[in-house]
Each structure stands twice: as C-alpha cells, then as structure tokens.
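Below, each chain spelled out in residue letters.
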Amino acid sequence: EAGVAQSPRYKIIEKRQSVAFWCNPISGHATLYWYQQILGQGPKLLIQFQNNGVVDDSQLPKDRFSAERLKGVDSTLKIQPAKLEDSAVYLCASSLAPWLAGEKGQFFGPGTRLTVL
Amino acid sequence: KQEVTQIPAALSVPEGENLVLNCSFTDSAIYNLQWFRQDPGKGLTSLLLIQSSQREQTSGRLNASLDKSSGRSTLYIAASQPGDSATYLCAADNYGQNFVFGPGTRLSVLP
C-alpha cells in the first residue's frame, strides 16, 4: 500500500513570496489533514477535509493561507505572501473516516520543510 | 478547547531499561488517542491507536493504555534499545472534528 506523498520535500523562499505544497493521500482515505509543525513543537492542525469539503479550518490564517482538495483526492496548500514565522514543516496526513469500521488512525507523509528568508 | 500535554519533555535512559511516557488531555470526549514516533527531519510514524472503548493496545515491546476518566494515556516501552531514540507524540481525536497533538517527549536510549 503506497503511503501519503508530498512534494516538494524542501523549499526556500524570500518573505512576501508565494509557495504551494502538494499532497496525495492514501487511496480510499476520505479525510485529509494539513498540519504545521514548528521546530520543537507538536504538529498544529491547519485544515481538515472530508472528501472535498472542509471540516475544520479554525486555525488556518486565512488572510495568507489557502487550501483546496479537488475531486476529494489530491490537495494543495498555498501561502501568499509568506512571512518569516511561516518557516516550519508542513505535514499532510490522511485517514479513513473515523466512523467507518477498520479505522486505523492517521497516516503521515514525509513533510515539506519550508524556510522563509 | 482540547489541550494535550506530555511529560517528561525529554528523557535519557541506558539501554535495556523499561520506561513510561505520559500524555494528558483536558477534554475526555475523545474518539481515539494515537501515539506516534518522529525521527529527526522525518514525518510521523503511527505506533498505536486506542479507540475510546478500549483500555489498551500492544505492539511488540510497546503498550499504550487509555484512561478517559482521568484524561491520561501512557506509552510503555519495554527493554529499550538505541533504535528507540526519537520523539514520541500523542494526539487526541475529538470525534473526528479535530486532532490535537502534545508537544512530544524526546527520548534518548544510550548504548
């Protein structure tokens, strides 16, 4: 079974530039999450999709961050314009819907390490 | 609002020791609790998932317990090995609405 795929793995940009991250979840996983992990901290949920609908985006800085999940499969997270404090690892995860039998929790991709100069 | 804490923040033990990592959460209305391992510069690897109706789960040398009434989960690692060195994170799932992670415990197992 293929895991969660993310690209790029690393990105360095100047502040005020824009950047986009891509995620391909495990096949059949209806739920997709984007997390931000700052060095030394646990991941913080930015947005959660159920199929192509947003379940929770309460911690997404909507003035600069946006995310979409077209056709309920792949997802893109965008930052425009980037700030210095956006330097972090951006993790994508997927899971079966929690209420389905066989729920095994979240599976994570390798992450994208973003450095904003 | 769910808050998750982990104690200790860091732990260093000699190889072969048994150890316990602690995770506390403020809202007991969770659907499940999941333990992860994170190696430096890598993503998260799922270790164990405990659903709200369960009290514990075991995988090899790992055992995780869940006590919803007290808002606690523990991860027990038996006969620790240098390869167990990593950061261990727990995450509480509030009925599929949102996941909240703890800050992690950084474990070093010395040969």
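Right above here is the structure, for reference.
Everything numeric in this text was worked out from a predicted model, so none of it was measured.

Below, the discussion takes up the state of the cysteines. If you walk through the whole model with that rule in mind, you get two disulfides over all chains. Shown here is the disulfide that connects Cys23 of chain A with Cys92 of chain A, its sulfur atoms set 1.9 Å apart. Between Cys23 of chain A and Cys92 of chain A, the S-S torsion sits near -70°, and that sign places the bridge as left-handed. On the criterion of sequence distance, the pair formed by Cys23 of chain A in strand β3 (residues 19-24) and Cys92 of chain A in strand β9 (residues 88-95) is long-range, its members being 69 residues apart. The residue that forms a disulfide with Cys23 of chain B is Cys90 of chain B, at a sulfur-sulfur distance of 2.0 Å. Negative torsions about the S-S bond denote left-handed disulfides, and the value of about 80° found for Cys23 of chain B with Cys90 of chain B makes this one right-handed. Linking Cys23 of chain B in strand β3 (residues 19-25) with Cys90 of chain B in strand β9 (residues 86-93), this pair joins segments that are 67 residues apart in sequence. Of the residues examined, Cys23 of chain B reaches a relative accessible area of 1% and is grouped as buried.

What follows concerns the nonpolar core. The biggest cluster of nonpolar side chains holds 23 residues, and the ones touching the most others in it are Val4, Leu33, Trp35, Leu75, Ile77, Tyr88 and Leu107 of chain B. When residues of this core are traced back to their parent elements, those giving at least two are β3, β4 (32-38), β5 (44-51), β7 (62-67), β8 (72-77), β9 and β11 (105-110) of chain B. Apart from residues lying up to four places away in sequence, Leu75 of chain B is in contact with Leu19, Val20, Leu21, Trp35, Leu47, Leu48, Leu62, Asn63, Ala64 and Tyr88 of chain B. Counting residues in each nonpolar core, the second largest holds 21 residues, with Ile13, Val19, Ala82 and Leu114 of chain A among its members.

What counts, and at which threshold
Residues numbered from 1 in each chain as written. Chains lettered and ligands numbered in written order. Predicted model: local features only at pLDDT ≥ 70, side-chain atom pairs only at ≥ 80, totals over all residues. Heavy atoms only, no water. Disulfide = S-S within 2.5 Å. Helix = DSSP H or I, 4+ residues; strand = E, 2+ residues; numbered from the N terminus. Buried < 20%, exposed > 50% of the residue type's maximum accessible area, 1.4 Å probe, protein only. Core = buried A, V, L, I, M, F, W, Y, C linked by side-chain atoms within 4.5 Å. Contact = heavy atoms within 4.5 Å.

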